[in-house]
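# Examination of the molecular architecture
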Amino acid sequence: MSEITVSNTDWAILSAVKTAIAAATVGGEAVFASAEICTSVEHLMQTQLVGDTPRAIVLFKGSDEQHGVDDERFCRVSMELILASRAAVGADASDRIQEMLRLKNAAVNAVQTDPPSDAVGAATSDLYRPALVWGPADIELSRPGVEPWVMCRLGLEATYAIADAASH
Amino acid sequence: MGSVHNPQDVAIGAVQLSGVLEIRWRQRRREIISPPGDGLTHHSGVEYGAVTADGRLIFADPIQASSASGLFGTLTATLKGVGGGADRTLTITGVRTGESDNTVAHNRAAECAVRFLASGDDGISSPVTLA
């Protein structure tokens, strides 16, 4: 057997994103009533669309890596921020869209204001990836079984570097 | 198909260089071509001159590139085998590096090139060997 160490930066980044969102305030008031982590949209719809609103859920989607120079590894953690809020259902969705976009932009600002310290991006001759890359915001205003909740699913990828293949 | 990639453990003399993205080297001979005489359509004599060995080290960081400037010694590097190819060792003797040529741009890694010239020990042996 060989003694190894595990830095588990994947988790450190997920945790940092969650903490940044949970700690975000506007005018001294928390933006999100809660921030949690899950691994399944179905699970969150069954168990987490309850209680105070709005809610933020960090959905872990996966991780991958590419080789850097000098045996370095550039690792990427892919996640989705699911922002959920209860909103009145009506013909005009303006208020719901406005609120979900506010939450989406608040979440981005929260993470960008307090980004994961491990996220550094990657840059070599054949690879360029910023530390944080935001995906499109997919707003689900109405979905059977979800109303009166509305959700915004916002992709996020964080990239960090480790010294070699055995430093994960 | 076997090949090599990822230069590692790059050094010039006693100076270890980190962050080397690429090593480009070449050996060139000056072309000596005698002019054709009147009414001739082909050169009657061609020759190659002596070999000049030179190359460039490519970095993504201007600071790492600057650490490779102004060095003299034997360049050594391990070229890692890939696709079933074996690791190779590149050795270039008499390497003298110049200054770095840097490009830092938007949304891509910087490219910083340090040129070098190489000379053989005795004027007969090639400065470049691969093992």
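The numbers attached to residues start from 1 for each chain and follow its sequence in the written order. Chain letters start at A and ligand numbers start at 1, both assigned in the order the entries are written. Local features in this predicted model are restricted to residues whose pLDDT is 70 or higher, and side-chain atom pairs enter the listing and the counts only when it is 80 or higher, whereas totals over whole chains, interfaces and linings include all residues.

## Focus on the overall build of chain A
Tallying secondary structure elements over chain A gives 3 helices and 9 strands in all. Think of it this way: any DSSP run of H or I at least four residues long counts as a helix, any run of E at least two long counts as a strand, and we number them from the N terminus. When its helices and strands are written in sequence order, chain A yields α-β-β-β-α-β-β-α-β-β-β-β. Across its three principal axes, chain A shows a C-alpha extent of roughly 60 × 35 × 30 Å. Exposure classes come from backbone-placed C-beta atoms, where a residue is buried if 20 or more other C-beta atoms lie within 10 Å of its own, exposed if 12 or fewer do, and partly exposed in between. Evaluated residue by residue, chain A yields a buried proportion of 28% over its 168 residues.

## What about the overall build of chain B?
Scanning chain B from terminus to terminus reveals 1 helix and 8 strands. If you list the helices and strands of chain B from N to C, you get β-β-β-β-α-β-β-β-β. Our radius of gyration looks at C-alpha atoms and nothing else; its globule reference is 2.2 Å times the residue count to the power 0.38. Over its C-alpha trace chain B gives a radius of gyration of 18 Å, far above what one expects of a compact globule, namely 14 Å for 131 residues. Along the three orthogonal principal directions, the C-alpha set of chain B runs to about 55 × 35 × 35 Å. Within chain B, buried positions represent 23% of all 131 residues. Long-range pairs, those at least 24 residues apart, make up 66% of the contacts in chain B with a sequence separation of at least 6. Contact definition: two residues whose C-beta atoms, as placed from backbone geometry, lie within 7 Å.

## Regarding the interface of chain B and chain A
The interface of chain B with chain A comprises 11 residues on the first partner and 7 residues on the second. Of the residues forming the side of chain B that touches chain A, the biggest block, 3 residues, is contributed by strand β3 (residues 20-33) of chain B. Of the residues in the side of chain B that touches chain A, the class split is 5 nonpolar, 4 polar and 2 charged. Asp, Glu, Lys and Arg are counted as charged, while Ala, Val, Leu, Ile, Met, Phe, Trp, Tyr, Cys and Pro are counted as nonpolar; the rest, among them Gly, fall into the polar class.

## Focus: helix α3 (residues 94-113) of chain A
Residue and element names in this part refer to chain A. The length a helix should cover is 1.5 Å for every residue beyond the first. Taking 1.5 Å per residue, 20 residues should reach 28 Å; α3 reaches 28 Å between its end C-alpha atoms and fits that length. All of the buried residues in α3 are Met100, Leu103, Ala107, Ala110 and Val111. Projection of α3 onto a plane perpendicular to its axis shows the buried side chains occupying an angular sector of 90°, all on one side. Exposed residues lying more than 90 degrees from the buried face of α3 are Ser94, Asp95, Gln98, Asn105, Gln112 and Thr113. On its buried side, α3 packs onto α1 (9-23), β4 (55-67), β5 (73-86), β8 (132-140) and β9 (149-162). The arc under discussion is defined with respect to the helix axis, by the directions toward the C-beta atoms.

## Thoughts on the environment of Val15 of chain B
Within the element layout of this structure, Val15 of chain B appears in strand β2 (residues 15-17). In this structure, the C-alpha to C-alpha distance between Val15 of chain B and Gly73 of chain B, residues 58 residues apart in sequence, is 9.1 Å.

## As for the packing of α1 of chain A against α3 of chain A
All names here are of chain A. Between α1 and α3, whose axes approach to 8 Å, the crossing angle comes to 120°. The angle between α1 and α3 places the two elements in the oblique class. Taken as a pair, α1 and α3 cross one another with a handedness that is right-handed. Seen from α1, the contacting residues are Val17, Ala20 and Ile21; seen from α3, they are Ala107, Ala110 and Val111. Of the residues assigned to the contact of α1 with α3, the class counts are 6 nonpolar, no polar and no charged. Only the contacting stretch of a helix is used when fitting its axis, a line to C-alpha atoms as for every element, and angles between N-to-C directions run 0 to 180 degrees. Here the angle decides the label: under 35 degrees means roughly parallel, over 145 means roughly antiparallel, 65 to 115 means roughly perpendicular, and every other value means oblique. In a left-handed crossing the near helix is turned counterclockwise from the far helix by less than a right angle, and in a right-handed crossing that turn is clockwise.

## Here we look at the nonpolar core
Ranked by size, the top nonpolar core spans 62 residues in total, and within it Val17, Ile21, Ala56, Met79, Leu81, Leu83 and Ala107 of chain A carry the most contacts. Setting aside anything within four residues of it in sequence, one finds Met79 of chain A in contact with Leu14, Val17, Val58, Leu59, Phe60, Lys61 and Leu156 of chain A. Each nonpolar core reported here comprises buried Ala, Val, Leu, Ile, Met, Phe, Trp, Tyr and Cys residues connected via C-beta atoms within 7 Å.

## Considering the pairing of strand β4 (residues 46-59) of chain B
Residues and elements named next belong to chain B. As defined by bridge partners, β3 adjoins β4 across 12 bridges and the pair is classed as antiparallel. In the sheet register, Arg26 faces β4, and the bridge partner there is Asp54. Pairing between strands is defined by DSSP: at least two bridges between the two strands are required. By the bridge criterion, 7 bridges tie β4 to strand β7 (residues 111-118) in an arrangement that is antiparallel. Across the sheet, residue Ile58 finds its bridge partner in β7, namely Ala113.

## Some points on the pairing of β4 of chain A
Residue and element names in this part refer to chain A. Here strand β3 (residues 34-38) pairs with β4 via 5 bridges, running parallel. When the bridges of β4 are listed, Glu36 appears paired with Ile57. Where β4 and β5 come together, 12 bridges link them in antiparallel fashion. Considered in β5, the bridge of Gly62 is made with Ser78. Taking the residues between adjacent antiparallel strands as the criterion, β4 and β5 are bridged by 5 residues, where Asp70 takes a positive phi near 55°.

## Some details on the confidence of the model for chain A
Low pLDDT means the predicted coordinates in that region are not meant to be read closely. Looking at chain A, the pLDDT average stands at 89 and 97% of residues meet or exceed 70. No element of chain A has a lower mean pLDDT than helix α2 (residues 41-47) of chain A, at 73, and none a higher one than α1 of chain A, at 96. Per-residue confidence from the predictor is given as pLDDT, running between 0 and 100.

## Quick look at unusual backbone geometry
At Asn8 of chain A, a position not held by glycine, the phi torsion is positive, near 55°. One can find Asn8 of chain A in the segment before α1. Residue classification places Asn8 of chain A among the exposed positions, given that 11 C-beta atoms sit within 10 Å. Its identity is not glycine, yet Asn6 of chain B carries a phi of approximately 50°, on the positive side. Considering the arrangement of structural elements, one finds Asn6 of chain B in strand β1 (residues 3-12).

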